[in-house]
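Commentary on secondary and tertiary structure
Here is how the chains run, residue by residue.
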Amino acid sequence: MKIITSGASYLDIDAYACCIAYAELLNLQGVPARAVSSAQPNVSVSQTVLGWAAAFDDYLPTLDDEFVMVDVSDYYHFDPLVVRERVVEIIDHHPGYEHYWAQKLGSAADIRPIGAAATQVFQRWQTAGVLPQISVQSAALLATAILDNTLNFTGQMTTPADIEAYTDLTSRAKLPADWPRQYFLECQANIESNLGSALAADSKRMKPESNLPGFFAQMTVWDADALLQKHRPMINGWMAQQGDDWLLNVISIRDHKSCFLAPTEVSQQKLNRLLPLDWQAGLAVRAPSMLRKELLKLGLDAGSHCAPNSIVQ
Ligand SMILES: [Mn+2]
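The name given to the chain in an unreviewed UniProt entry is DHH family protein, and the organism recorded there is Pseudomonas tensinigenes.

So this is what it looks like as C-alpha cells:
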C-alpha cells in the first residue's frame, strides 16, 4: 500500500488536495493507495471545501507500506506516522531539501519552484492522460489549492503551469464564477472566529540559518486592513507569548500586499537584510505580497552567498 501524506502540524488546502487527488490517481492506475494524515486541516480548508466531504482514510500503516510525501520535503516536519527510510516519492515546492532527496530518490523526488504542489499533481493526471476521469471533488480541491498557494496568482512563485492547471481544473470542477473572492472571504471568517488557533495552525519555528525571526506565523485573508484594525492587540498579545523574536505575515489578497508585524528591532532588522522595508510602529507593508517560503528562500540564499563572519549588520 502507498500512503499519501504530508506534514505534521497541520494540513493546508494544498497538502489536503494533493493527498486526496494523488491517491485517487494512483488507485485509478491500479496502484493501491490511501490518503492518510494525523494532522488537522487549517483555516485554508474553508467551510465550503469541508462540505465537499473529501475523506481521508482511517488507516494505520503497516510494515510493508511505502510513503509518498506531498507538499513537504523537510523531514523534520513529516507526519509522525511516516518512516523516513520507506519514503519512495516526494512531490513538493518548498526549498531546502532538494539535494538530500535527489540523492536518495533520484527522479522520484519532484521538488521544484512552482506556485502549488497541486499543480504538480495536476501534471501527473495530465501526463497519465486520464484528466477526463478526475472526480469533480478532486478537481475542485486542486483548483482551490492553486488559488490559495499562488495567492490568487499574485505570489512570486506563480508560474504559467499554475495558471494552465487552474484553467483546466475549474472547467471540470463546477465552481461558481466568483469562487476566488468567496473562498478567501471564508478563510478570513475562519481566522477571525478563532485567531489564536489560526496563528498556531500556520506558524513555524525557524532555524538560525534561515536568517528569519525565530517564530514565523502567516495568514492569508481577503482584507488585511480590516483584520488588523479589529484584532491587532489580540494578535500582539498572542505572538508575544512565543518570545520576542517573531514575525507575522498577513497576506491581503484583495490589495495584493503583505502586512508584516514584528515587535522588536532585532526581528525587523532580520527582515530588512532580505528586503528593504519601512517599519512604522511595528508594521511594514510590502506590495506585491510575499509568502513565508519566498522569504525562506531569500534567507537561505543570503546565508549561502556569504560566510557567517562576513555578515556585519
Ligand atoms: Mn503548498
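Okay, back to it.
1. Here we look at the sheet that holds strand S4 (residues 87–92)
Pairing is parallel in the open sheet, where five strands are placed in the order S2-S1-S3-S4-S5. Looking at which strands have only one partner, the edges of the open sheet turn out to be strand S2 (33–35) and strand S5 (109–111). Across this sheet, the average inter-strand angle for adjacent strands is 20 degrees, counted without regard to direction. As paired strands, strand S3 (residues 66–70) and S4 are joined by four bridges and run parallel to one another. Each bridged residue has a counterpart across the sheet, and for Met69 the counterpart in S4 is Ile90.

2. Focus on the domain arrangement of the chain
When cut into domains, the chain gives domain 1 (2–182) and domain 2 (196–310). Just the C-alpha atoms count here: the centres of domain 1 and domain 2 sit 25 Å apart. Between domain 1 and domain 2, the contact holds 18 residues from the first and 20 residues from the second. Buried surface at the junction of domain 1 and domain 2, both sides included, amounts to about 1,700 Å², of which 63% is carbon and sulfur. Of all residues in domain 1, Tyr10, Leu151 and Gln156 bury the most surface against domain 2, accounting for 33% of the area lost on that side. Applying the counting rule to domain 1 against domain 2 returns zero salt bridges. Summed over the shared surface of domain 1 and domain 2, the result is five residue pairs in polar contact (both at pLDDT 80 or more). Tallied by class, residues from the side of domain 1 that touches domain 2 come to seven nonpolar, ten polar and one charged.

Rules used in this analysis
Residues numbered from 1 in each chain as written. Predicted model: local features only at pLDDT ≥ 70, side-chain atom pairs only at ≥ 80, totals over all residues. Heavy atoms only, no water. Pairing = 2+ DSSP bridges. Helix = DSSP H or I, 4+ residues; strand = E, 2+ residues; numbered from the N terminus. Axes fitted to C-alpha atoms, helices over the stretch in contact; angles between N-to-C directions. Domains from an automatic or database assignment. Contact = heavy atoms within 4.5 Å. Buried area = accessible area lost by both parts, 1.4 Å probe. Salt bridge = Lys/Arg side-chain N within 4 Å of Asp/Glu carboxyl O. Polar contact = N/O pair within 3.5 Å; in protein donor to acceptor, adjacent residues only side chain to side chain. Nonpolar A, V, L, I, M, F, W, Y, C, P; charged D, E, K, R; others polar.

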